[in-house]
Amino acid sequence: MAFDEQTLASLKETANTIRKDIVKMVAEASSGHPGGSLSAADILTVLYFNEMNIDPNNPQDPNRDRFVLSKGHASPVLYGALAEKGFFPKEELMTFRKINSRLQGHPSKKSLPGVEMSTGSLGQGLSVANGMALAGKLDNRDYRVYVLLGDGEIQEGMIWEAAMSAAHYKLDNLTAFLDYNHLQIDGRVEDVMNPAPVDEKFRAFGWHVIIIDGHDMNQISDAIQEAKSIKGKPTMIIANTIKGKGVSFMENQVGWHGTAPNAEQLAQALEELNGVKQND
Amino acid sequence: MTKIATRDAYGKALVELGEKNPNVIVLDADLSKSTKTADFAKTYPDRFFDMGISEANMIGTAAGLATAGKIPFVSTFALFGTLRVGDQIRNSICYPNLNVKIAVTHSGLTLGEDGASHQAVEDISMMRAIPNMTVIVPADAEETRQVIHAAAEYDGPVYIRLGRPAVPVVFDKNYKFEIGKGVVVNEGADVTVIAMGVMLSPAIEAAKELEKEGISVRVINMPTIKPIDKDIIIKAAQETKGIVTAEEHNIYGGLGSAVAEVVTESVPTVVKRVGVEDTFGESGKPNELLEKYGLTKEHIIEKVKEIIK
Ligand SMILES: Cc1ncc(C[n+]2csc(CCOP(=O)(O)OP(=O)(O)O)c2C)c(N)n1
Ligand SMILES: [Mg+2]
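Conventions we followed
Each residue is numbered by its place in its chain's sequence as written, counting from 1. Just so you know, chain letters begin at A and ligand numbers begin at 1, following the order they were written in. In view of the model being predicted, local features appear only for residues whose pLDDT reaches at least 70, and side-chain atom pairs are presented and counted only at 80 or more, with totals across whole chains, interfaces and linings using the full set of residues. The basis for every side-chain value is the complete set of heavy atoms in the structure, and neither hydrogens nor water enter the calculation. Residue contacts are counted whenever heavy atoms from the two residues lie within 4.5 Å of one another. Note: buried area is the sum, over both parts, of the accessible area (probe 1.4 Å) each one loses when the two are combined. Put simply, a salt bridge is a Lys or Arg side-chain nitrogen that is within 4 Å of an Asp or Glu carboxyl oxygen. Here a polar contact is recorded for every N or O atom pair within 3.5 Å, except that within protein the pair must consist of a potential hydrogen donor and a potential acceptor, and residues adjacent in sequence are included only if both atoms are side-chain atoms. What counts as a helix is a DSSP run of H or I of at least four residues, what counts as a strand is a run of E of at least two, and both are numbered from the N terminus. Working definition: with a 1.4 Å probe on protein chains only, accessible area under 20% of the residue-type maximum means buried, over 50% means exposed, and in between means partly exposed. We count Lys and Arg on the positive side and Asp and Glu on the negative side, and we leave His and both chain ends out. Ring pairs shown here join Phe, Tyr and Trp side chains whose ring centres sit within 6.5 Å, with only the six-membered ring taken for Trp; geometry is labelled stacked below 30 degrees between planes, edge-to-face above 60, and tilted in between. Think of it as a cone above the ring: NZ of Lys or CZ of Arg counts as a charge over the ring if it is within 6 Å of the ring centre and within 35 degrees of the ring normal. UniProt positions are given in the numbering used here, feature names are shortened, and annotations may be inferred rather than shown by experiment. Listed donors are limited to N, O and S atoms within 2.8 Å of the metal, widened to 3.2 Å for Na, K and Ca; water is not among them, so incomplete-looking sites are possible. When DSSP locates at least two bridges between a pair of strands, those strands are taken to pair. To obtain each axis, a line is fitted to C-alpha atoms, and for helices this fit is confined to the stretch in contact; angles are then taken between N-to-C directions over 0 to 180 degrees. Here a residue is considered near a molecule or strand provided that any single heavy atom belonging to it is located within 4 Å of it. Per-residue and other accessible areas were derived by the Shrake-Rupley procedure at a 1.4 Å probe size, with only the shown protein chains allowed to occlude residues. Any residue outside Ala, Val, Leu, Ile, Met, Phe, Trp, Tyr, Cys, Pro, Asp, Glu, Lys and Arg is labelled polar, Gly included; the first ten of those are nonpolar and the last four are charged.

1. Some words on the interface of chain B and chain A
Step number 1: In this complex, chain B contributes 24 residues to the contact, which on the side of chain A involves 27 residues.
Step number 2: Carbon and sulfur atoms supply 44% of the area that chain B and chain A bury against each other, a total of about 2,000 Å² over both sides.
Step number 3: Three residues, Asp30, Ile53 and Arg84 of chain B, lead the burial of chain B against chain A; their summed loss comes to 31% of the area buried on that side.
Step number 4: Our count for the contact surface shared by chain B and chain A stands at two salt bridges.
Step number 5: Residue Arg84 of chain B is joined to Glu156 of chain A by a salt bridge in which the shortest nitrogen-to-oxygen separation is 3.4 Å.
Step number 6: The interface formed by chain B and chain A contains 18 residue pairs in polar contact (both at pLDDT 80 or more).

See the structure below:
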């Protein structure tokens, strides 16, 4: 079901705010990963601001929905969403990657409320999400578990071990997103180590697969609703995305995986993001 | 003072090696720009394999290449080239004693801003505990160059631990690296400081400062952690009042432990360890982290003085 105009505009505005925070954070730190953070901003926005049952005032609620950022280098997008949601003061975003900060280069569960799992070493998050989903089943809780994977990340063998287990244990309370932006560090995923056909692989592993435009709020939300209705299998939402989405000079550029913008580039990025109209 | 990152020296040495020896093959796991294997990839594209983000697969593939007489150098960040693939290294490389060189970069706290998830401070301990594995930590660019060539000539598994930031150049072409040998870089009679990797320069500086206070410090560079140079350690234990070790690694299982093992079995001597005190690191600038986690010249000086008094 499509969002009404007002909800859609508000979600787009939130995503845009998070994008601005991403580039500001990375610029301030002179370090970090803007590309893969920007590509996931719309997915996290729908999850955190429309879908997930989470409460910043009760971050350990046993019934809360869980989100695992398996591609932990995209920490800026998670921090942006958590701050906007009220898990910690927004000013703290500017401490990202600095010494003594709670905002570690990669998310640290022990240091920051709202971070469900420490990640950063790629390929491990899907197994952890499986464990959370299994626990939900054991405890008869109806929370849902979400996990975001990178398209380079799924080259890790552990992802496929986890894919097999999720289907084997019929984890229909688990929904995974693949941030299919076609870039990793050494180049295009197709050139480095081609994971395609991703949809057929996950189907063959026993998953329900949905393919969407990962920057379309309605499609993201519809896919989440569809996943909830599927019984007996986990769902993989393959989100076609653009790495660096929203900042013209970062879009589809492999060089912006882990590079910080300088002052001038930051100004340009913010100018572009400030110019985004919410009702386009 | 000239500063060069050991990973940069590694990238250059690999290209030299590629020309010298057609059996040298390089594998990387989507970090070739950071590990500097990209230079080799450009020069010898047919002998370079990007395995994508699949470190365990990379280790196994290297083992297979080695069974056919190739000399694979595998590179990624230290954490993903050791802790991520411990069993694969043990069972597919060390147990059959295959000729694979694991040359990793971004080791220790000085990896910096990426934080604890990426900061390997346990790798030496782990690599040292696997039979057949040789463990080497070069301290500067020239030593790295020589280590890479020596590793290629040596038949068997070698772990080479390299770093991200530029570090002072200590050695020139006259320096001679030999696997299994420590090197006295500063003569001294009161206390011995044994250092590896990025801690060598602070150790030399500490000795200079202590000299001004009338304390004579022998500084030993210990690039090979395994097999460790027992003779040079025993001699230091006999001739000086005690030993301070300095390493960018957990104090459990690294250089300090290796040195302590040698002296307790031969010439029981006090050994004080400068290193990461069994804790995870965090995000920050390399120098801030070395300061916060107790890995500076000042910390070495403090330990030397504890032995003197
Ligand atoms: C196990 C492991 N190996 C290597 C890395 C280094 N690394 C960080 S990000 C990255 C590329 C990730 O690409 P992708 O999954 O496509 O992420 P995205 O494009 O969404 O940023 C690599 C290799 C890591 N963090 N963990
Ligand atoms: Mg990608």
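2. Considering the side chain of Asp186 of chain A
Step number 1: If you trace the backbone, Asp186 of chain A turns up in the loop between strand 3 (174-180) and helix 7 (189-192).
Step number 2: For the buried Asp186 of chain A, no salt bridge is present, and the opposite-charge side chain at shortest range is Lys33 of chain B, 4.7 Å distant.
Step number 3: One polar contact links the side chain of Asp186 of chain A to the main-chain amide nitrogen of Leu31 of chain B, over a distance of 3.3 Å.
Step number 4: Ignoring anything within four residues of it in the chain, the contact list for Asp186 of chain A reads Val192 of chain A together with Asp30, Leu31, Ser32, Lys33 and Asp50 of chain B.

3. Concerning the packing of aromatic side chains
Step number 1: Per the stated rule, a full pass over the model turns up nine aromatic pairs over all chains.
Step number 2: A ring pair is formed by Phe171 of chain B and Tyr175 of chain B, whose centres lie 3.8 Å apart and whose planes are at 25°; its orientation type is stacked. Pair check on accessibility: Phe171 of chain B and Tyr175 of chain B agree, each one buried.
Step number 3: Taken together through their ring pairs, the aromatic side chains of Trp160, Phe202, Phe205 and Trp207 of chain A make up a single cluster.
Step number 4: Stacked on the ring of Tyr143 of chain A, the Lys or Arg Arg66 of chain A has its end atom at 3.9 Å from the ring centre.
Step number 5: Its guanidinium or amino end placed over the ring of Tyr44 of chain B, Arg47 of chain B lies 4.5 Å from that ring's centre, counting from NZ or CZ.

4. Regarding the UniProt feature "domain: Transketolase-like pyrimidine-binding" (unreviewed entry) in chain B
Step number 1: Within this numbering scheme, the UniProt entry marks residues 4-169 of chain B as carrying the feature "domain: Transketolase-like pyrimidine-binding" (unreviewed entry).
Step number 2: This span, residues 4-169 of chain B, is 42% helix and 17% strand, and a straight line between its end C-alpha atoms measures 7 Å.

5. A look at the UniProt feature "domain: Transketolase N-terminal" (unreviewed entry) in chain A
Step number 1: The sites that carry the UniProt feature "domain: Transketolase N-terminal" (unreviewed entry) are, in the present numbering, residues 12-272 of chain A.
Step number 2: What you have in residues 12-272 of chain A is 40% helix and 11% strand, and the ends, taken at the C-alpha atoms, are 15 Å apart.

6. Structural notes on the coordination of the magnesium ion (ligand 2)
All names here are of chain A.
Step number 1: The coordination sphere of the magnesium ion (ligand 2), as far as protein atoms go, consists of Asp151 (OD), Asn181 (OD1) and Leu183 (O), spread over 2.1 to 2.2 Å.
Step number 2: Within one chain, the residues serving as donors to the magnesium ion (ligand 2) are arranged as D-x29-N-x1-L.
Step number 3: We classify Asn181 as buried; its relative accessible area is 4%.
Step number 4: A residue is classified by how much of its surface remains accessible, and Leu183, at 7% relative accessible area, is buried.

7. Regarding the sheet that holds strand 2 (residues 145-150) of chain A
Hydrogen bonds between backbone groups are what pair the strands of a sheet, and the pairing can be parallel or antiparallel.
Residues and elements named next belong to chain A.
Step number 1: As summarised here, the arrangement of the five strands in space is 1-2-3-5-4, forming an open sheet in which the pairing is parallel. Lying at the two open borders of the sheet, with one neighbouring strand each, are strand 1 (66-69) and strand 4 (208-213). Between one strand and the next, the sheet's axes are offset by a mean angle of 20°, whatever the strand orientation.
Step number 2: Pairing of strand 2 with strand 3 involves six bridges; the strand directions are parallel. Residue pairing in the sheet places Leu148 in a bridge with Phe177 of strand 3.
Step number 3: Where helix 5 (residues 125-138) meets the sheet, its contacts fall on strand 1, strand 2 and strand 3, and the angle it forms with strand 2 comes to roughly 170°.

8. Things to note about the site of ligand 1
Step number 1: Near ligand 1 you find 24 residues, and of these Lys71, His73, Asp151 and Lys243 of chain A together with Glu55 of chain B are the closest.
Step number 2: With respect to ligand 1, the chains having nearby residues are chains A and B.
Step number 3: Taking Asn181 of chain A, its side chain carries an N or O atom lying 3.0 Å from an oxygen atom of ligand 1.
Step number 4: A distance of 3.4 Å separates a nitrogen atom of ligand 1 from a polar atom in the side chain of His118 of chain B.
Step number 5: If ligand 1 stood free it would expose 600 Å²; the protein chains cover 99% of that surface.
Step number 6: Here the residues of the shell around ligand 1 sort into six nonpolar, ten polar and eight charged.

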